[in-house]
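# Fold and contact review
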Amino acid sequence: MSASDTWHTHRKGCVPCSSPTGPRCPDGDGLWERLVRLQDAYLTHLRTKGSTS
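## Quick notes on helix H1 (residues 2–13)
Between the first and last C-alpha of H1 there are 17 Å, a value that for 12 residues agrees with the 16 Å anticipated at 1.5 Å per step. Restricting attention to buried positions, one finds in H1 the residues Ala3, Trp7 and His10. Burial along H1 is one-sided: seen end-on, the buried residues are contained in an arc of 70 degrees. Along H1, exposed side chains directed more than 90 degrees from the buried face belong to Thr9, Lys12 and Gly13.

What follows is the structure, encoded as structure tokens:
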């Protein structure tokens, strides 16, 4: 959750990151990559957990 909160807080104050079509700034790019990586890990965990029940 903190990665999502951090990304959304950054996005609100960053013009390049707030654009839906434009490239993200270097800081925003790193925050976005972290959010995506953690979300993928979480979804993989849920799929794995569900298949072993």
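## Some details on the nonpolar core
If you look at the biggest cluster of nonpolar residues, it comprises 6 residues: Ala3, Trp7, Cys14, Cys17, Cys25 and Leu35. Excluding anything up to four places from it in sequence, Trp7 contacts Cys17, Arg24, Gly28, Leu31, Trp32 and Leu35.

## Some points on the pattern of salt bridges
This structure, assessed with the given rule, holds 1 salt bridge. Residue Asp29 pairs with Arg24 through a salt bridge whose shortest N-O separation is 3.6 Å. The class of Asp29 is partly exposed, set by a relative accessible area of 33%. Arg24 sits in the partly exposed class, given a relative accessible area of 35%.

## Brief notes about the side chain of His10
When you line up the elements, His10 lands in helix H1. Not counting chain neighbours up to four residues away, the residues in contact with His10 comprise Cys17, Cys25, Asp27, Gly28 and Leu31.

## Overview of the state of the cysteines
Within this structure, the stated rule accounts for 0 disulfides. Just so you know, Cys17 is unpaired, no disulfide at all, and the nearest cysteine sulfur is the one on Cys14, 3.6 Å from it. Free cysteine Cys25: the closest other cysteine sulfur is in Cys14, separated by 3.7 Å. Judged by relative accessible area, which is 16%, Cys25 ranks as buried.

Thresholds, definitions, all that
Residues numbered from 1 in each chain as written. Predicted model: local features only at pLDDT ≥ 70, side-chain atom pairs only at ≥ 80, totals over all residues. Heavy atoms only, no water. Helix = DSSP H or I, 4+ residues; strand = E, 2+ residues; numbered from the N terminus. Expected span 1.5 Å × (residues − 1). Buried < 20%, exposed > 50% of the residue type's maximum accessible area, 1.4 Å probe, protein only. Arc of directions from axis to C-beta. Core = buried A, V, L, I, M, F, W, Y, C linked by side-chain atoms within 4.5 Å. Contact = heavy atoms within 4.5 Å. Salt bridge = Lys/Arg side-chain N within 4 Å of Asp/Glu carboxyl O. Disulfide = S-S within 2.5 Å.

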